[in-house]
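# An overview of the molecular structure
One letter stands for each residue in the lines below.
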Amino acid sequence: LTTTLLTGEAEHVYKINVFRVTNVTDNDATVTADLEKGGTHKKIANELTVPANSSVDIIDKTNSFYLEETDLIRGGASAASTIEFVFSYEALAD
């Protein structure tokens, strides 16, 4: 996992409502994502298969969570330029 996708901002908490991954190629791809909280990494998805030309919601409103200050979400795909990552979140001042 080498790409930081979202970082918690000072004085804010983000309620993550949707974390969607979209495969923009004609071949299946895998995605791995984790949450770094206080220097500890916890997997959100581990080698999740995203079928060709489709989307998968890793997080949705039924399992939303809070990203606090300095927390971050990292992610990566099995091949470059195969996956696009999208978040929907609410920024809450703390």
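Here's what I pulled together on the structure shown here.

Reading guide: rules and limits
- Residues numbered from 1 in each chain as written.
- Predicted model: local features only at pLDDT ≥ 70, side-chain atom pairs only at ≥ 80, totals over all residues.
- Heavy atoms only, no water.
- Pairing = 2+ DSSP bridges.
- Helix = DSSP H or I, 4+ residues; strand = E, 2+ residues; numbered from the N terminus.

Glancing now at the pairing of strand β2 (residues 12–23). In the sheet, β2 pairs with strand β8 (residues 83–93) via eleven bridges, with the strands oriented antiparallel. Note on β8: the bridge partner recorded for Lys 15 is Glu 90. In this structure, β2 lies alongside strand β6 (residues 65–67), joined through three bridges in antiparallel fashion. The residue of β6 that forms the bridge with Tyr 14 is Leu 67. Where β2 and strand β5 (residues 55–59) come together, four bridges link them in antiparallel fashion. The partner of Thr 22 across the bridge, within β5, is Ser 55.

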